[in-house]
Amino acid sequence: GLNLDDIQGDILIGMKKMKELFYFFGIADVASFKTKLATDILPLITTTTQMLDNSTQPITLLNIAFSQRGLDALNVSDSLGDSDFFNGQFEDAQNLGDPGTTNWVPEFTGTGIHGVLLFASDTVVNINDAVSSLESAMGNSMTKVYSLSGAARPAPNAGHEHFGFLDGISNPPVNGFTPSPLAGQSNVSAGEILVGEDGDFGTRPDWAKGGSFLVFRQLKQLVPEVRTSFGARMVGRWKSGAPVELSPLFDDPVLGADRSRNNDFTFAETTDQSGCPFGAHIRKTRPRIDLGTDDTGRHIMRAGIPYGPEVSTDEATENTTSTERGLAFVSYQSTIGNGFKFLQQTWANSQFFAHGQGPDPIIGALAGAERDITGLDPTDTTKTTKLTTDFVVSRGGEYFFSPPLSAISGKLSI
Ligand code: N7H
């Protein structure tokens, strides 16, 4: 079975709190960092077991993950068996459809990010306290390179991302972890998410077992620019979460909130685009019956959080973004090329997958080129809509490995 005391808490459950800080660091003094990793960071790392019950969760949750450059800095020479992780995300910008890297946060284009600390809590004050106490414990052994503060949106939009849609509805249930999957879902192998577990076919060092690759992307969202009338058809769900496939013409908040029904569809309910458009975001990223089976081996566990302020009155009036906001996207998978990267490059960006009706209107990216998509207009689903703006703009990110606690106290700190 899975060793839930050894697996970091964000991977299978998600450290869903009101606030989360992504603290990207560089290792400045290797020997001292290694010592403090075991003595000062390890005791604060939140495990999956701790996440299972609110009463065992610390006030501020903490996880840690390393980039390949971080492993290099720590003199860890074992290959983790993932070439995308090895090369880093900057090398992948073109494959991911980003229009170059001029929109990238400068720190993500350099070589200084060795790892990321993920702090999650109910308040910013709690997080700031945890950060300052960790910083003083770490002293000069590490330096802050960049940080991004995430926050759940204010009521009544908590749990909704900045376009307004309920998020976190569909994450794969995992063998040996999820006792009873929701209607419409079936368990995936633990090895799709965790390295070294059943169903992971990579070659990994023993110490990596129970870890997972963490993909981080800072995805800016152009909220006032989105034509809201087609929003639900772009996503494949209404703002409440109700699936367009089951309720094509109007939102149905009761359905959206019903965990026994809001995943219970396969896309076989309609054969044309009168239900869910073929290219809708949730269909592109999890095609269900479009591939004949849901057992596609391309599942990711999503654990992101919105960042940036609410849309201001000025922005709404001008239909133009002036202050950056978006999604601090996090996904976990046992192989980046089967998970995030496959979904982005081979499915979302493709004009052809799965029915030839254009790229994903939310995240599909053609290096900035215009995107032609059918199915968005409910009154004529064969009509082509030309999207001249990307509503989601990549500001870059990095590929990390979230190690098991046993590696934090062992391989990585010795
Ligand atoms: Fe997506 N959105 O608000 O439009 N996503 N996503 N995503 N996404 C999902 O099912 C969104 C992004 C997946 O199993 C929902 O929990 C936004 C990337 C997958 O049915 C909503 C951004 C990738 C699913 C959004 C963004 C994915 C999913 C419905 C960027 C991978 C589950 C809520 C700013 C490459 C599909 C839910 C399933 C769902 C939105 C990014 C993948 C509302 C705004 C980069 C696998």
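Residues numbered from 1 in each chain as written. Predicted model: local features only at pLDDT ≥ 70, side-chain atom pairs only at ≥ 80, totals over all residues.

What follows covers helix H7 (residues 124-138). Between its terminal C-alpha atoms H7 stretches 21 Å, which fits the 21 Å expected from 15 residues at 1.5 Å a residue. Along H7, the positions that sit buried rather than exposed are Ile127, Ala130 and Met138. Down the axis of H7, the smallest arc covering the buried residues is 65 degrees, so these residues share one side. The exposed residues of H7 that point more than 90 degrees off its buried face are Val125, Ser132 and Ser136. Directly after H7, the chain includes Gly139, whose backbone phi takes a positive value near 55 degrees. (Helix = DSSP H or I, 4+ residues; strand = E, 2+ residues; numbered from the N terminus. Expected span 1.5 Å × (residues − 1). Buried ≥ 20, exposed ≤ 12 C-beta atoms within 10 Å, placed from the backbone. Arc of directions from axis to C-beta.)

Examined against the element boundaries, Asn262 turns out to sit in the loop between helix H9 (253-257) and helix H10 (281-285). Taking C-alpha positions, Asn262 is 27 Å from Asp122, a pair spaced 140 residues apart along the chain. Beyond its immediate stretch of four places on either side in the chain, Asn262 contacts Ile169, Gly241, Ala242, Pro243, Leu255 and Gly256. (Contact = placed C-beta atoms within 7 Å.)

Right, let's get into the site of the ligand. The environment of the ligand is formed by 27 residues, the closest being Phe165, Ile169, Ser170, Thr285 and Arg286. Examining the composition of the shell around the ligand, we find that 4 residues originate from one element, helix H12 (residues 340-348), more than from any other. Of the residues in the shell around the ligand, the class split is 15 nonpolar, 7 polar and 5 charged. (Near = placed C-beta within 6 Å. Nonpolar A, V, L, I, M, F, W, Y, C, P; charged D, E, K, R; others polar.)

Those residues of helix H2 (residues 30-41) that fall on the buried side of the exposure criterion are Phe33, Leu37 and Ile41. Seen along its axis, H2 keeps its buried residues to an arc of 45 degrees; they face one direction. Of the residues in H2, the exposed ones pointing more than 90 degrees away from the buried face are Ala31 and Thr39. Of the surrounding elements, those touching the buried residues of H2 are strand E1 (19-27), strand E2 (61-66), strand E4 (142-151) and helix H13 (405-409).

The values are spatial; any link to function lies outside them.
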